[in-house]
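Chains, contacts and geometry: an overview
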Amino acid sequence: MIEWQDEGVVLAARPHGETSVILQVFTPTKGRHAGVVRGGISRKMTPHLQPGGQISVTWKARLDSHLGSFAVEPLRSRAAAVMADRLALAGLNAVCALLHHILPEREAHLPLYERTQGLLDLLGQSDVWPLAYLRWEQAVLEEMGFGMDLSACAVRGVNEDLAFVSPKSGRAVSREAAGEWADRLLPLPPVLAGKGDASEAEIVRALGTTGWFIENRLVRSLGDRPMPAARARLLDAIARHGTA
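Okay, so let's go over this structure. (Residues numbered from 1 in each chain as written. Predicted model: local features only at pLDDT ≥ 70, side-chain atom pairs only at ≥ 80, totals over all residues. Heavy atoms only, no water.)

Here we come to the nonpolar core. Formed by 56 residues in total, the largest nonpolar core has its most connected members in Val-95, Leu-99, Tyr-133, Trp-136 and Leu-234. Top element by residues in this core is helix α2 (residues 86-102). It accounts for ten residues. Those residues within four positions of Leu-99 in sequence are excluded, and the remaining contacts are Leu-11, Phe-26, Arg-32, Leu-112, Thr-116 and Trp-136. Residues Val-21, Met-45, Phe-70 and Val-72 belong to the second largest nonpolar core, which totals 14 residues. (Core = buried A, V, L, I, M, F, W, Y, C linked by side-chain atoms within 4.5 Å. Buried < 20%, exposed > 50% of the residue type's maximum accessible area, 1.4 Å probe, protein only. Helix = DSSP H or I, 4+ residues; strand = E, 2+ residues; numbered from the N terminus. Contact = heavy atoms within 4.5 Å.)

Look at α2: 24 Å from first C-alpha to last across 17 residues, which is about the 24 Å you get at 1.5 Å a residue. Among the 17 residues of α2, twelve are classified as buried, and the element is accordingly described as predominantly covered. Among the residues making up α2, those that are buried are Leu-87, Ala-88, Ala-90, Gly-91, Leu-92, Ala-94, Val-95, Cys-96, Leu-98, Leu-99, His-101 and Ile-102. Two or three places before Leu-87, at the opening of α2, Asp-85 has a side-chain oxygen 3.1 Å from that residue's backbone nitrogen. (Expected span 1.5 Å × (residues − 1). Polar contact = N/O pair within 3.5 Å; in protein donor to acceptor, adjacent residues only side chain to side chain.)

Right, let's get into the packing of aromatic side chains. Any two aromatic rings considered together are summarised by their centre-to-centre distance and by the angle between their planes. Tallying each qualifying case throughout the model produces six aromatic pairs. For the ring pair Phe-26 and Tyr-113, a centre distance of 5.3 Å and an interplane angle of 80 degrees mean the geometry is edge-to-face. Of this pair, Phe-26 sits in strand β2 (residues 20-27) while Tyr-113 sits in helix α3 (residues 110-120), and the two are 87 residues apart along the sequence. In terms of burial, Phe-26 and Tyr-113 fall into one category: buried. An aromatic cluster of three or more residues is present, and its members are Trp-4, Trp-59 and Phe-70. (Phe/Tyr/Trp six-rings, centres within 6.5 Å; stacked < 30°, edge-to-face > 60°.)

Moving on, we come to the pattern of salt bridges. Throughout the structure, instances matching the rule amount to eleven salt bridges. A salt bridge links Asp-64 to Arg-106; the shortest N-O distance between them is 3.9 Å. Here the residue Asp-64 occupies a position in the loop between β4 (54-61) and β5 (69-76), and Arg-106 occupies one in the loop between α2 and α3, the gap between them amounting to 42 residues. By relative accessible area, which is 30% here, Arg-106 ends up partly exposed. Asp-121 serves as the salt-bridge partner of Arg-78, at 3.0 Å between the closest nitrogen and oxygen. A residue pair is termed long-range when its members are at least 10 positions apart, and Arg-78 in the loop between β5 and α1 (79-82) and Asp-121 in the loop between α3 and α4 (129-143) qualify at 43 residues. Under the relative-accessibility criterion, Asp-121 is labelled partly exposed at 38%. A cluster of three or more residues bridged by salt bridges with shared partners is formed by Arg-76, Arg-78 and Asp-121. (Salt bridge = Lys/Arg side-chain N within 4 Å of Asp/Glu carboxyl O.)

The topology assignment puts Glu-202 in helix α6 (residues 200-221). What makes Glu-202 buried here is its relative accessible area of 16%. Residues within four places of Glu-202 in sequence aside, it is in contact with Pro-189, Pro-190, Val-191 and Asp-197.

Direction vectors running N to C along α3 and α4 enclose 170 degrees, while the axes themselves pass 10 Å from each other. It follows from the interaxial angle that α3 and α4 lie roughly antiparallel. Of the residues in α4, those touching α3 at Pro-111, Leu-112, Arg-115, Thr-116 and Leu-119 are Trp-129, Ala-132, Tyr-133, Arg-135, Trp-136, Ala-139, Val-140 and Glu-143. Its residues placed into classes, the contact of α3 with α4 shows nine nonpolar, one polar and three charged. (Axes fitted to C-alpha atoms, helices over the stretch in contact; angles between N-to-C directions. Parallel < 35°, antiparallel > 145°, perpendicular 65-115°, else oblique. Nonpolar A, V, L, I, M, F, W, Y, C, P; charged D, E, K, R; others polar.)

Sheet analysis places strand β1 (residues 2-16) next to β4, joined by eight bridges and oriented antiparallel. Bridge pairing links Ile-2 to Ala-61 in β4. Between the end of β1 and the start of β2, which pair antiparallel, lie three residues, with Gly-17 showing a positive phi angle near 70 degrees. (Pairing = 2+ DSSP bridges.)

Have a look at this one:
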């Protein structure tokens, strides 16, 4: 029998048989890992298996290649932070859906796990959360091998008037160097490079660029998968929050 214990963030749960669920959890040492939770649909267990919940898990299986089973102990619920907050709820759903979608199974990504915990702990703080989410998406791309280099123009090497990102290389391009190719490049809002206005409108613009790389580079590298719809709902919630 193989056994390990860790803690993690619940990403998703789906019914399995009459009384169990298959739980997907993001842990610091085992990455995204699945297991069966016996009795997972019970009134006692269901509240602890919601996306974003922090739990302790003990995984057991006869062979490492088996699905195995989880014994679960709740550590912390994040439900209170999102119950009456449309932006927080959309954010929680988007984070969990993206991680469930893009993380390789059973591959540890400790830096991303720590960034994710920090981001989820900010849920409900609507004044800082959208920018924190943008930085998290940039960290996701970096961790998964698709990070952008926004330090200097890819064509001329200058670090002034950077206005675009090359969809091919992920590097910054200055306005002058872009020339007639500007309409083929992605926008580089200053906030994406850690500068300027961090309004919701500018953050949504920046998320359009990170989203392009997530959808067309990261997600496409995993096969024919659509972008999780929860992310589009989050962008709408951020935009609405900025006009409220």
